[in-house]
Amino acid sequence: MEQDAQLVQQCLQGNGSAWEELVHRHTRRVYNICYRFTGNGTEAEDLAQEVFLRVYRTLGSYRSAHGGFATWMTSVTRNLLIDHYRRTKRDRVTDSLEDAITVVESKESSARRPDEQALLSELGRQVQAALKKLSPELREAVILRDLQQLEYAEIQQVLQVPEGTVKSRINRGRIEMARILQQMGVRPS
Amino acid sequence: MNWTCEQIEARLSEYLEGALAPADQQAFAAHVQQCPQCAPLVSTVQGLVSGLHGLPPLAEPPRLVYAILDKTLGPRQTARGWRAALAFLRGFATMRFAYGALSVTATVIVLLTASGFNWKHPRAADLHPVNLYRAANRQGHLIYARGAKFVSDLRVVYEIQSRLSQDSGIRTAPESTPPPPAPEKQPGMTNAPRQNGPRQQNRANGIRPELSVLASDLAVLCNRRLP
């Protein structure tokens with residue numbers, strides 16, 4: 001965390017290699033959040049680029065006293081993801097119109113690029129399919145807690161909601177996801 | 001205190017994370033043990049959470065970092081003039097390039113030598129594709145002929161060796177092995193047809209040195225008794 005703060009300071013002084021270092025350190029995390037939220041590799045790449053562009057432009061507004069750089073970056077990512085979700089809401093098919101989960105899943109898997117398919121394990125695919133069924137509030141809570149393994153306080157900082165709401169969303173998200181997996185005939189062990 | 005299924009659902013994550021008070025933990029477990037609806041839900045959520053925690057992070061596409069850097073820092077400035085030439089030459093001053101160049105050179109030398117290129121008196125005409133093809137074709141046929149001759153020679157040597165070993169094996173056959181029973185001779189009938197004449201001849205050859213040794217011994221014995 002201290003190293004991140006130092007790198008940010010160096011970036012603000014115009015050090016390009018410090019920014020490169022920051023990009024290398026955080027790309028995977030940001031990409032993973034975007035991928036888990038959207039379930040699409042190309043969208044995740046575009047969103048990750050947008051996140052870093054926004055972070056680069058607003059780097060001066062980061063204050064290390066208010067929390068870690070990673071948390072700040074996660075909240076920027078989350079805000080962009082929500083914006084993206086709202087922007088693309090019309091384009092998406094509503095859940096009621098979707099076919100059976102298995103059909104949807106097979107469509108998704110065939111639409112994915114081969115490198116994405118190789119990356120996702122069987123469990124990863126099932127998790128991705130179940131995550132997509134969750135509402136954005138529950139989805140982001142589960143991603144941050146169970147996939148990014150953030151602490152409750154960090155999630156609270158990212159989502160800007162009270163701790164009780166964070167806990168409730170995580171709990172509801174898990175239960176809903178478990179029920180979706182049960183419907184899919186998957187029994188996580 | 002008896003918990004309801006709604007309470008179980010509401011505090012499921014707290015139970016899984018061990019955040020409940022001991023009394024609540026016990027009440028939770030007691031309800032789950034007897035409730036046919038809550039038990040599978042709890043075990044599924046438990047499995048899901050551990051599965052999610054165990055999922056490894058996905059690797060980002062390699063181009064993503066460069067795309068981000070291009071978008072934020074701008075495209076990398078390309079050198080011009082003598083700097084560009086220097087940067088171009090610097091690319092060759094690497095061990096990787098040196099190994100590559102060395103292996104390519106070695107391959108070219110081997111191929112040219114195999115195609116019959118004369119290194120002592122090199123001529124430009126020898127590098128013409130048609131000449132190279134002809135030379136390679138000739139070399140190929142030559143190698144094939146040499147190989148065939150070598151295999152043939154090997155066969156001859158092998159045959160000679162096998163004959164020799166066969167002969168020596170018969171000569172040094174152990175005495176302990178009983179000879180095959182001779183067919184009973186009938187009056188007026190000759191021996192069985194000679195199927196292995198040379199073997200009998202060899203046996204006779206083997207007997208000859210033994211006879212000579214016996215003769216010399218006999219002479220010694222005779223000399224002793226004479227006086």
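All values derive from a computational prediction rather than experimental measurement. (Residues numbered from 1 in each chain as written. Chains lettered and ligands numbered in written order. Predicted model: local features only at pLDDT ≥ 70, side-chain atom pairs only at ≥ 80, totals over all residues.)

**Q** What exactly am I supposed to notice about the overall build of chain A here?
**A** Secondary structure summary: chain A contains ten helices and zero strands in total. Secondary structure elements in chain A, listed N-terminal to C-terminal, are α-α-α-α-α-α-α-α-α-α. Counting every position in chain A, which comprises 189 residues, the buried fraction comes to 37%. Within chain A, counting contacts between residues at least 6 apart in sequence, those at least 24 apart form 66% of the total. (Helix = DSSP H or I, 4+ residues; strand = E, 2+ residues; numbered from the N terminus. Buried ≥ 20, exposed ≤ 12 C-beta atoms within 10 Å, placed from the backbone. Contact = placed C-beta atoms within 7 Å.)

**Q** Would you take a moment to explain the overall build of chain B for this structure?
**A** Counting secondary structure elements, chain B contains nine helices and zero strands. Listing every helix and strand of chain B by position from the N terminus yields α-α-α-α-α-α-α-α-α. Taking as baseline every contact in chain B between residues at least 6 positions apart, the subset at least 24 positions apart corresponds to 49%.

**Q** Explain the interface of chain B and chain A to me, please; I cannot follow it from the model alone.
**A** Where interface size is given, it is often the accessible area lost as the parts come together that is meant. On the chain A side, the residues contacting the 26 residues of chain B number 35 residues. Of all the elements in the fold, those that place two or more residues in the side of chain B that touches chain A are helix H2 (12–16), helix H4 (38–54) and helix H5 (62–73) of chain B. With nine residues, the top contributor of residues to the side of chain B that touches chain A is H4 of chain B.

**Q** Sorry, what's going on with H4 of chain B here?
**A** Helical periodicity: at 3.6 residues per turn, an α-helix aligns residues three or four positions apart in one direction. Compared with the 24 Å implied by 1.5 Å per residue over 17 residues, the 24 Å span of H4 of chain B between its first and last C-alpha is a close match. Residues of H4 of chain B that are buried sit in contact with helix H7 (122–133), helix H8 (136–147) and helix H10 (163–183) of chain A together with helix H1 (5–10), H2 and helix H3 (22–34) of chain B. (Expected span 1.5 Å × (residues − 1).)

**Q** Hey, could you run me through unusual backbone geometry in this one?
**A** Residue and element names in this part refer to chain A. Even without a glycine there, the phi angle at Gln149 is positive, about 55°. Inspection of the secondary structure puts Gln149 in the loop between H8 and helix H9 (152–159). For Gln160, which is not glycine, the phi torsion reads 60° and is therefore positive. Relative to the assigned elements, Gln160 resides in the loop between H9 and H10.

**Q** What's the story with the packing of helix H3 (residues 41–57) of chain A against H5 of chain B in this structure? I'm lost.
**A** Relative placement of two packed helices is described by the angle separating their axes and the distance separating the axes. One way to put it is that H3 of chain A packs onto H5 of chain B with a least axis distance of 9 Å and a crossing angle of 40°. It follows from the interaxial angle that H3 of chain A and H5 of chain B lie oblique. You can see that H3 of chain A and H5 of chain B cross each other, and the crossing is right-handed. Where H3 of chain A abuts H5 of chain B, its residues Glu45, Ala48, Gln49, Phe52, Leu53 and Tyr56 of chain A lie against Leu64, Ala67, Ile68, Lys71 and Thr72 of chain B. The residue makeup of the contact of H3 of chain A with H5 of chain B, split by class, is seven nonpolar, two polar and two charged. (Axes fitted to C-alpha atoms, helices over the stretch in contact; angles between N-to-C directions. Parallel < 35°, antiparallel > 145°, perpendicular 65-115°, else oblique. Left-handed = near helix turned anticlockwise from the far one by under 90°. Nonpolar A, V, L, I, M, F, W, Y, C, P; charged D, E, K, R; others polar.)

**Q** Help me understand the nonpolar core, please; the structure alone is not making it clear to me.
**A** The nonpolar side chains of a soluble globular protein tend to be buried, and buried together. Residue and element names in this part refer to chain A. With 56 residues, the main nonpolar core has Cys34, Ala48, Val142 and Met177 as its most contacted residues. No other element matches the nine residues that helix H2 (residues 16–38) contributes to this core. Sequence-distant contacts of Val142, defined by excluding residues within four places in its chain, comprise Leu131, Leu134, Ile170, Gly173, Arg174 and Met177. (Core = buried A, V, L, I, M, F, W, Y, C linked by C-beta atoms within 7 Å.)

**Q** What is the right way to look at the packing of helix H4 (residues 69–87) of chain A against H9 of chain A in this model?
**A** All names here are of chain A. Between H4 and H9, the least distance of the axes is 8 Å, while the angle of their chain directions is 45°. Accordingly, the angle class assigned to the pair H4 and H9 is oblique. Seen from above, H4 lies across H9 with right-handed handedness. The segment H4 lies against H9, with Thr71, Thr74, Ser75 and Arg78 engaging Glu154, Gln157, Val158 and Leu159. Classifying every residue of the contact of H4 with H9 by side-chain character gives two nonpolar, four polar and two charged.

**Q** Help me understand the environment of Arg134 of chain B, please; the structure alone is not making it clear to me.
**A** Within the secondary structure, Arg134 of chain B sits in helix H8 (residues 129–171). It is 9.4 Å that separates the C-alpha atoms of Arg134 of chain B and Gly116 of chain B, two residues lying 18 residues apart in sequence.

**Q** It is not clear to me how the confidence of the model for chain A should be interpreted in this structure. Could you clarify?
**A** When pLDDT is low, close inspection of the predicted coordinates is not appropriate. Averaged over all residues, the pLDDT of chain A equals 84, while 83% of them reach at least 70. Here residues 95–111 of chain A is a poorly scored stretch, pLDDT under 50, and it has eleven contacts once near neighbours within four places are set aside; other chains count. (pLDDT = per-residue confidence, 0-100.)

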